[in-house]
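Below are the chains, spelled out letter by letter.
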Amino acid sequence: MVTVGNNVFSLTHLQSLLKYFKVWHLILLYTRLKDTMLDKTPEQICVEYIDFIIKTIKKINSIKNYKLDNDDINDIRQNVITKLLGGGLAQFKGLCKLDTYIYKIVYNEIQTYLRRYEKETPVPSTVLQSNYDQDEDDAYNNFFDYFHNFNIDYTDKIFRQDIIAIIDEELSTFDYIDKLIFTWFFLCKRSQIQIAERVKLSQPTVSEHIEKIKKRLRTAIKRKYPEFEKELKS
Amino acid sequence: MIRAHLQVDCNDEMQEKVLGVADGTISDEKTIQEVLEHLSMCKECFALYDNYFLLMEHPELDEQIEDDILSLDFNIANNTFVPVTSSTHIIPPLVAVLAQPDVPAVEIEYPFKGSIIKIRIIYGTNHNIDISIYCNNDGIKIYLLNGSRFDIATVSNGMAMFSSVEMGVILLLIDFKKVIRIHINN
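Predicted model only: the values in this text are computed from it and were never measured.

1. Focus: the packing of helix 7 (residues 176-187) of chain A against helix 8 (residues 192-199) of chain A
Residue and element names in this part refer to chain A. At a minimum axis separation of 10 Å, helix 7 and helix 8 run at an interaxial angle of 145°. Here helix 7 and helix 8 pass one another in a crossing that is right-handed. When helix 7 is examined against helix 8, the residues Ile177, Leu180, Ile181, Trp184 and Phe185 are found in contact with a partner set consisting of Ile195, Arg198 and Val199. Across the contact of helix 7 with helix 8, the residue classes tally to 7 nonpolar, no polar and 1 charged.

Structure follows, in structure tokens:
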């Protein structure tokens with residue numbers, strides 16, 4: 001007989017209670033695993049993926065030139081782990097690989113962190129820097145280099161806005177593949193091979209799309225400014 | 001401003017689908033087209049998708065990025081903790097102040113915030129271990145992750161402790177600033 005407070009339990013009573021708690025623990029564990037579509041607990045996943053989490057934060061920081069320091073990285077790591085342990089994995093539906101899903105959590109946490117602390121906007125300094133983080137007007141300047149043989153006076157705001165309006169209007173008639181290829185090639189400066197991987201097409205097909213896009217935009221500009229026919233690259 | 005994207009709302013499932021196309025889990029043509037169409041409208045998902053590829057396109061960064069996790073591996077043999085690889089953080093057994101004789105124990109020293117954290121691991125009952133952390137800075141939070149366990153202990157009177165920890169891979173996060181991974185094979 002065992003006395004707990006005012007209660008007296010027999011040994012068999014205690015054993016059956018213990019058995020009940022073990023079964024209950026297993027049911028709870030099963031429910032957590034079932035909900036997350038995973039065969040591991042969130043704790044196990046954190047232990048297993050801690051290197052991946054840290055490397056992904058640092059890699060994104062390096063590629064995007066976010067200038068996060070060690071304290072920022074530690075804070076983001078804490079947020080990611082808190083999210084993973086706090087039910088973040090319960091949303092996982094198995095539509096992508098687990099490490100890709102963790103990348104998503106890391107990426108979103110970095111974006112939230114940057115917004116929350118109004119971190120410096122990324123400075124384009126390396127070839128890895130993507131242009132869509134910059135002001136889109138700057139991207140427009142890069143883009144227009146493909147089409148003209150003369151120097152545009154960018155201080156001429158009316159002309160500049162007019163060209164942008166022409167591009168915008170023409171862009172709105174593109175199908176989604178051409179919109180994506182336009183963005184990646186002209187604004188983000190991705191290579192044709194990089195774009196091919198992203199849109200799941202071959203590189204020659206991407207090249208054909210790019211030529212078609214150039215032709216359409218040239219035609220649209222010529223329609224408004226026929227006097228620039230010679231200056232627009234063929 | 002060139003408006004390549006419209007601003008559309010997207011949910012967690014769509015983001016997962018976007019990444020499923022990126023990493024090749026989704027190969028169904030219809031879903032791929034649905035995702036690409038979504039990318040042409042959603043700036044957030046476009047950035048998520050493009051960045052995934054940027055990460056994959058630069059594997060050389062994996063090697064350049066310094067690993068700031070202290071990893072220690074031990075086997076338990078002949079009633080002692082045997083380090084698999086030597087580390088300056090492991091205190092030689094002769095120096096270590098062991099709790100009891102004949103009980104496998106190991107001590108680890110690790111610099112943190114200008115002082116030293118001492119971690120003492122003692123082989124306990126039922127093939128579990130007890131981990132004691134000694135530190136001068138009261139209030140430091142130590143997080144333990146292991147199997148299905150997530151525990152927090154706060155250093156009070158120079159000490160924090162985790163009892164009956166399962167062997168295997170144990171992760172200790174010191175104030176979420178430093179990570180120590182201890183792998184104990186029985």
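2. A word on the interface of chain A and chain B
How big an interface is tends to be stated in terms of accessible area lost as the parts join. On the chain B side, the residues contacting the 52 residues of chain A number 46 residues. Of all elements in the fold, only helix 2 (42-64), helix 3 (70-85), helix 4 (98-116), helix 5 (136-144), helix 6 (157-171), helix 7 and helix 8 of chain A reach the threshold of two or more residues within the side of chain A that touches chain B. By residue number, the principal contributor to the side of chain A that touches chain B is helix 2 of chain A, which donates 12 residues. Of the residues assigned to the side of chain A that touches chain B, the class counts are 26 nonpolar, 10 polar and 16 charged.

3. Focus: the packing of helix 2 of chain A against helix 4 of chain A
Residue and element names in this part refer to chain A. Interaxial distance between helix 2 and helix 4 falls to 10 Å at its minimum, and their mutual angle equals 45°. Here helix 2 lies oblique to helix 4, going by the angle between them. Classified by chirality, the crossing of helix 4 by helix 2 is right-handed. Note on element contacts: helix 4 touches helix 2 through Asp99, Ile102, Tyr103, Val106, Tyr107 and Ile110, opposite Tyr49, Phe52, Ile53, Thr56, Ile57 and Ile60. Along the lines of polarity and charge, the residues of the contact of helix 2 with helix 4 split into 10 nonpolar, 1 polar and 1 charged.

4. Details of the confidence of the model for chain B
Any region with low pLDDT has predicted coordinates that should not be read closely. Residues and elements named next belong to chain B. Here chain B averages 86 in pLDDT, and 90% of its residues register 70 or above. When pLDDT is averaged over each element of chain B, helix 2 (residues 29-39) comes out on top at 96 and helix 4 (residues 60-64) at the bottom at 82. Two summary scores accompany this predicted model of the complex, namely pTM at 0.75 and ipTM at 0.78.

5. Side note on unusual backbone geometry
Despite not being glycine, asparagine 65 of chain A has its phi angle at roughly 55°, a positive value. Relative to the assigned elements, asparagine 65 of chain A resides in the loop between helix 2 and helix 3. Located in the positive-phi region is serine 164 of chain B, a residue other than glycine, with phi close to 50°. Residue placement: serine 164 of chain B occurs in strand 8 (residues 159-165). The exposure class assigned to serine 164 of chain B is partly exposed, which follows from the 13 C-beta atoms found within 10 Å.

6. Points about the nonpolar core
Generally speaking, a soluble globular protein has its nonpolar side chains buried in company with each other. Ranked by size, the top nonpolar core spans 86 residues in total, and within it Cys46, Val106 and Ile181 of chain A together with Val18, Leu39 and Leu171 of chain B carry the most contacts. Of the residues forming this core, the biggest block, 9 residues, is contributed by helix 2 of chain A.

7. Some details on helix 2 of chain A
For helix 2 of chain A, built from 23 residues, the straight-helix expectation of 33 Å at 1.5 Å per residue is missed by more than 12%, its first-to-last C-alpha distance being only 29 Å. A positive phi of about 55° marks asparagine 65 of chain A, the residue just after helix 2 of chain A.

8. Things to note about helix 3 (residues 43-56) of chain B
Taking 1.5 Å per residue as the helical rise, helix 3 of chain B with its 14 residues ought to reach 20 Å, and the 20 Å between its terminal C-alpha atoms agrees with that figure. For helix 3 of chain B, the set of buried residues is Cys45, Phe46, Leu48, Tyr49, Asp50, Asn51, Tyr52, Leu54 and Leu55 of chain B. Elements in contact with the buried residues of helix 3 of chain B: helix 2 and helix 4 of chain A together with helix 1 (12-22) and helix 2 of chain B.

Analysis parameters
- Residues numbered from 1 in each chain as written.
- Chains lettered and ligands numbered in written order.
- Predicted model: local features only at pLDDT ≥ 70, side-chain atom pairs only at ≥ 80, totals over all residues.
- Axes fitted to C-alpha atoms, helices over the stretch in contact; angles between N-to-C directions.
- Helix = DSSP H or I, 4+ residues; strand = E, 2+ residues; numbered from the N terminus.
- Left-handed = near helix turned anticlockwise from the far one by under 90°.
- Contact = placed C-beta atoms within 7 Å.
- Nonpolar A, V, L, I, M, F, W, Y, C, P; charged D, E, K, R; others polar.
- Parallel < 35°, antiparallel > 145°, perpendicular 65-115°, else oblique.
- pLDDT = per-residue confidence, 0-100.
- Buried ≥ 20, exposed ≤ 12 C-beta atoms within 10 Å, placed from the backbone.
- Core = buried A, V, L, I, M, F, W, Y, C linked by C-beta atoms within 7 Å.
- Expected span 1.5 Å × (residues − 1).

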